[in-house]
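Tertiary structure, described
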Amino acid sequence: MIAYLLAQQIVVLFIMMGLGALIVKAGVVKAQDSRTLSMVTIYLILPCVILKAFQIDYSPAVRDGFILAVCAAVAIHLALFAMCGALGKVFRFDPVEKGSLIYSNAGNLIVPLVTAVLGDKWVIYASAFLCVQMIFLFTHCQTMMRGQLHLDWRSLVTNVNLIAIVVGLLMFLTGLRLPSLPYEVVSGVASTIGPVSMIMLGMVLSEVRWKNVLSHRRIYLVTTIKMIVLPLAIMALLKFSGIHTLAPHGRMILLISLLAVITPSATMVTQLAQVYGRDAAYSGSINAFTTIVSIMTMPLIISLYLF
């Protein structure tokens, strides 16, 4: 049932993505305007989603579930580092390919999917994965793209989403709640995460030259590893390791972690590639191709996990 609902919701989100591409093709907006929506999503909508996720009653069960989600996210990233390192010795991945393989577009997709399929109360566990991934993105991935060891701690500690997670977690642990009016504002903004994220992605994809994307030989290798090989390995790790027993509803919490992993390649990798002079066009092509492929691979991986 969950796999069916997931597939249905993915179709809905992809239709929204199509509408984003349509308004660009119709000349209503320009593809470059997607950057504005991207900034709105990252700096306004996503922090509201995170704050809302922590507006739940404290309980040992939720606490243990959040700890499990954080530990699972760390374990997943370490496993991805190890697997990509081993595969990289064979296929000689460059930094763009490595970043695209390790980091997923969880920020734009995981929260809408979890909200639609499982409900608001499960978003707190998605926030755990986002927190871990953001730390690695602004340390490991940024360093890899730069090509030298220099961590931008200022960017990390001033990241509005990490701040939202810290504030939300403190509110959860202390039992503090947003007053009625601010909560309604936060809740209203948070509810737009799905449509805005997908319309933005559709606007971005409207400019993709698919002939150039499909003619790149390496993209098929990277997409196969990103969307099939690595997800199957992580799925097996989460399903058979037994770590789900560490918290109530552990299997469902790990399902959310798996959902985050099997989303397409992260758009942040493309942004970092632009900043540090890497092949941003290739990175964008990987992001576009894995996004299209995900409509088939995501329900399949989830079905195998739930089987």
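The structure this text deals with has already been given above.
Reading guide: rules and limits
- Residues numbered from 1 in each chain as written.
- Predicted model: local features only at pLDDT ≥ 70, side-chain atom pairs only at ≥ 80, totals over all residues.
- Heavy atoms only, no water.
- 1 Å grid on protein atoms, 1.4 Å probe; cavity = no way out; pocket = protein on both sides within 12 Å on 5 of 7 lines; lining within 4 Å.
- Points joined across faces, edges and corners; volume = space filled by probe spheres on them.
- Helix = DSSP H or I, 4+ residues; strand = E, 2+ residues; numbered from the N terminus.
- Nonpolar A, V, L, I, M, F, W, Y, C, P; charged D, E, K, R; others polar.
- Axes fitted to C-alpha atoms, helices over the stretch in contact; angles between N-to-C directions.
- Parallel < 35°, antiparallel > 145°, perpendicular 65-115°, else oblique.
- Left-handed = near helix turned anticlockwise from the far one by under 90°.
- Contact = heavy atoms within 4.5 Å.
- Polar contact = N/O pair within 3.5 Å; in protein donor to acceptor, adjacent residues only side chain to side chain.
- Expected span 1.5 Å × (residues − 1).

Let's talk about empty space enclosed by the protein
Inspection of the entire model under this criterion finds one cavity of 30 Å³ or more. Lining of the largest cavity is provided by I10, L13, F14, L109, L113, S294 and M298. Elements with a minimum of two residues in the lining of the largest cavity: helix 1 (2–25), helix 5 (106–117) and helix 15 (280–306). Here the lining of the largest cavity takes three residues from helix 1, the largest share from any one element. Each residue belonging to the lining of the largest cavity can be placed in one class, and the counts come to six nonpolar, one polar and no charged.

Here's the deal with the packing of helix 6 (residues 123–146) against helix 13 (residues 250–261)
Relative orientation and spacing of two packed helices are given, respectively, by the angle between their axes and the distance between those axes. Interaxial distance between helix 6 and helix 13 falls to 9 Å at its minimum, and their mutual angle equals 45 degrees. On the basis of the axis angle, helix 6 is oblique to helix 13. In this structure, the crossing between helix 6 and helix 13 has a hand that is right-handed. Between helix 6 and helix 13, the residues in contact are Y125, A126 and F129 and I253, I256, S257, A260 and V261, respectively.

Quick look at the environment of S206
Its location among the elements puts S206 in the loop between helix 10 (193–205) and helix 11 (210–214). As a C-alpha pair, S206 and L169 span 37 residues in sequence and 38 Å in three-dimensional space. Leaving out residues up to four positions away in the same chain, S206 has contacts with A21, V24, K25 and A31. Only 2.5 Å separates the side chain of S206 from the backbone oxygen of M203, close enough to count as a polar contact.

Things to note about the packing of helix 4 (residues 95–102) against helix 15
Here helix 4 crosses helix 15 at 25 degrees, and the two axes come no closer than 10 Å. Relative to helix 15, the element helix 4 is oriented roughly parallel. Judged by the twist between their axes, the crossing of helix 4 over helix 15 is right-handed. On helix 15, the residues that touch V96, E97 and S100 of helix 4 are Y282, S283 and I286.

Topic: helix 1
Residue pairs spaced three or four apart in an α-helix point in one direction, given the helix's 3.6 residues per turn. Taking 1.5 Å per residue, 24 residues should reach 34 Å; helix 1 reaches 34 Å between its end C-alpha atoms and fits that length. Buried positions along helix 1 lie against helix 5, helix 10, helix 13 and helix 15. Where helix 1 ends, the next residue or the one after it, G27, has phi of about 80 degrees, a positive value.

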